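Residue strings, one per chain:
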Amino acid sequence: MSDERDSDDQRRGSDRPSRRQLLATTGTAVLGSIAGCSGDDGDPGSSDPETPTDTAAPTPTATATATDTPTATDTPSPSPTETQSVEELIAKYGCPEDSGEYDAVVAKDGSGDFESVQAAIDAIDPGTFDGFRVFIEPGRYKEKIRLPPNRTDVTFVGENATETVLTYDDHADKTGDNGEELGTSQSSSFFADGLDFTARNITFENAAPDVAQAVAMRISGDRAFFDNCRFVGNQDTLYNYGRGTRQYFRNCYVEGDVDFIFGLATAVFDNCKINCKDEGYIAAPATPEKQDHGYVFRNCEITGDAPEQSVYLGRPWEPYGQAVFVNCYLGDVIRPRGWEPWDEPEHDDKTKTAFLAEYNNEGPGAAPDQRVDWAHQLSDAEAEEYQSLESVFDGWAIEACLSESGSA
């Protein structure tokens with residue numbers, strides 16, 4: 001993301017209904033009310049989803065029947081079936097399936113069901129929504145990939161993150177089919193727009209030359225989980241796009257230089273390696289004002305090839321941007337000041353509204369007494385807020401899921 005914004009930037013628990021059940025209950029219009037699943041390409045959180053009107057089942061009409069012999073037993077009228085709201089159905093999150101069974105295999109050499117990742121996605125029946133697991137054989141798959149909003153509960157699994165690479169090379173200044181520049185948002189190699197997307201052991205890459213913003217992954221679907229994945233690029237590598245969405249990154253690797261982790265989502269990075277390729281900024285949060293959390297980095301390792309003391313932990317893209325680093329190792333690439341205010345004429349003083357904070361970090365880049373005076377050093381009590389994923393994610397039970405599956 002540049003200082004000049006682009007105009008376009010802004011499988012399942014036993015009690016969970018399947019997507020087939022959900023559609024049977026609510027109809028296909030449910031798609032438009034899934035958080036982060038609007039079909040348009042603007043800000044996915046710019047308006048609240050429309051909630052279908054609940055309609056009560058009609059009361060059965062009693063009909064009298066003339067008979068000489070009264071019926072011995074009255075047959076009670078059936079009670080109307082209770083219908084859950086769309087919101088209740090969507091809220092029933094199912095844990096990511098961690099079995100070895102797959103619905104499809106992608107292999108470049110033709111030995112699988114599909115030779116491209118997009119072909120596998122396109123083959124998913126959007127009318128069932130019962131979950132779909134794809135195994136992707138090692139190889140470099142150069143294709144611009146989109147997981148649309150109506151493909152939900154999809155899981156991608158690679159054999160090894162460094163050998164299964166999904167890549168493309170668009171960048172913001174590149175001209176699109178319409179004759180106009182793509183801009184940052186449309187430069188993405190992969191668009192994860194579907195709800196409950198999970199990826200394991202995969203690299204998501206933007207291989208464009210370092211000439212402009214070039215997104216490797218843009219996520220607008222809620223409850224996205226990435227485990228042992230790599231996000232490779234330069235400027236604007238990882239776009240946590242969806243307003244109000246929740247995104248979890250565990251044991252992942254992210255590299256870049258300028259604002260290479262940026263967006264509006266609540267995103268937690270656990271035990272991740274953040275590689276600073278050159279001088280710049282790590283996080284650029286655009287957290288909405290009424291959203292409780294933005295970026296949370298826990299037990300991460302921040303290092304890289306950037307010059308010593310040349311990288312800021314972050315800067316607020318929007319006035320209420322939030323980024324917190326907890327129990328992290330900060331290498332010598334981090335500037336003593338820690339944070340940059342990103343002064344912009346169209347915004348008031350962001351130092352008065354942004355929340356950029358640290359707790360119990362260590363390493364040569366951890367210098368709490370040299371940080372800017374408007375940043376925060378959390379107390380033990382304040383840091384407690386960031387210890388529970390469920391607390392940060394406001395009810396998304398991903399932590400319990402991983403514990404139950406033994407993969408925590």
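A. The arrangement of the side chain of Ser310 in detail. Along the chain, Ser310 falls in the loop between strand 19 (301-304) and strand 20 (311-314). Not counting chain neighbours up to four residues away, the residues in contact with Ser310 comprise Glu279, Gly280, Val333 and Arg335.

B. Region of the structure containing the confidence of the model for the chain. Predicted confidence across the chain gives a mean pLDDT of 83, with 76% of residues reaching 70 or more. Here residues 2-75 is modelled with pLDDT under 50, and outside its nearest four sequence neighbours on either side it reaches 129 contacts, counting other chains as well.

C. Here's a closer look at the nonpolar core. Ranked by size, the top nonpolar core spans 59 residues in total, and within it Phe226 and Phe269 carry the most contacts. The element that contributes the greatest number of residues to this core is strand 17 (residues 273-285), accounting for four residues. The contact partners of Phe269, leaving out residues within four places of it in the chain, are Leu238, Phe249, Val254, Ile261, Tyr295, Val296, Phe297, Arg298 and Cys300. Among the nonpolar cores identified, the runner-up in size contains 19 residues, and Tyr93, Ala383, Leu389 and Val392 belong to it.

D. Geometry of the packing of aromatic side chains. The full count for this structure, using the stated rule, is 25 aromatic pairs. Ring centres of Phe393 and Trp396 lie 4.8 Å apart, and the angle between their planes is 55 degrees; this geometry places the pair in the tilted category. Each member of the pair, Phe393 as well as Trp396, carries the same accessibility label: buried. An aromatic cluster is defined as three or more aromatic residues linked by ring pairs; in this entry it consists of Phe156, Phe190, Phe197, Phe204, Phe226, Phe231, Phe249, Phe269, Tyr295, Phe297, Phe325 and Trp339. The ring of Phe191 is capped by Arg146, whose NZ or CZ atom sits 4.1 Å from the centre of that ring.

E. Looking closely at a negative patch on the surface. Negative charge collects at one region of the surface, where Asp292, Glu382, Glu385 and Asp394 lie side by side. Inspection of the secondary structure assignment puts Asp292 in the loop between strand 17 and strand 18 (295-298).

F. Inspection of the pattern of salt bridges at higher detail. Counting across every chain of the model gives 16 salt bridges. Close ionic contact of Lys350 with Glu344 constitutes a salt bridge, the shortest N to O distance being 2.5 Å. With respect to burial, Lys350 and Glu344 carry one shared label: buried. One connected set of salt bridges, linked through shared partners, spans Lys142, Lys144, Asp169, Asp170 and Lys174.

G. The arrangement of the state of the cysteines in detail. Inspection of every chain in the model, using the stated rule, returns one disulfide. Across the disulfide from Cys95 sits Cys401; the S-S distance is 2.0 Å. The sign of the S-S torsion, about -75 degrees, decides the handedness of the disulfide formed by Cys95 and Cys401: left-handed. Remark: Cys401 occurs in helix 7 (residues 398-405) and Cys95 occurs in the loop between helix 2 (86-91) and strand 1 (104-106); sequence separation between them is 306 residues. Unpaired in this structure, Cys300 has its nearest cysteine sulfur neighbour in Cys328, at a distance of 4.6 Å. Relative accessible area serves as the criterion here: at 1%, Cys328 is assigned to the buried category.

Definitions and cut-offs
- Residues numbered from 1 in each chain as written.
- Predicted model: local features only at pLDDT ≥ 70, side-chain atom pairs only at ≥ 80, totals over all residues.
- Heavy atoms only, no water.
- Helix = DSSP H or I, 4+ residues; strand = E, 2+ residues; numbered from the N terminus.
- Contact = heavy atoms within 4.5 Å.
- pLDDT = per-residue confidence, 0-100.
- Core = buried A, V, L, I, M, F, W, Y, C linked by side-chain atoms within 4.5 Å.
- Buried < 20%, exposed > 50% of the residue type's maximum accessible area, 1.4 Å probe, protein only.
- Phe/Tyr/Trp six-rings, centres within 6.5 Å; stacked < 30°, edge-to-face > 60°.
- Lys NZ or Arg CZ within 6 Å of the ring centre and 35° of its normal.
- Patch = residues over 30% accessible without salt bridge, like charges linked within 9 Å, V, L, I, M, F, W, Y side chains within 5 Å.
- Areas by Shrake-Rupley, 256 points an atom, 1.4 Å probe, with all protein chains shown as cover.
- Salt bridge = Lys/Arg side-chain N within 4 Å of Asp/Glu carboxyl O.
- Lys, Arg positive; Asp, Glu negative; His and termini not counted.
- Charge placed at Lys NZ, Arg CZ, Asp CG, Glu CD.
- Disulfide = S-S within 2.5 Å.

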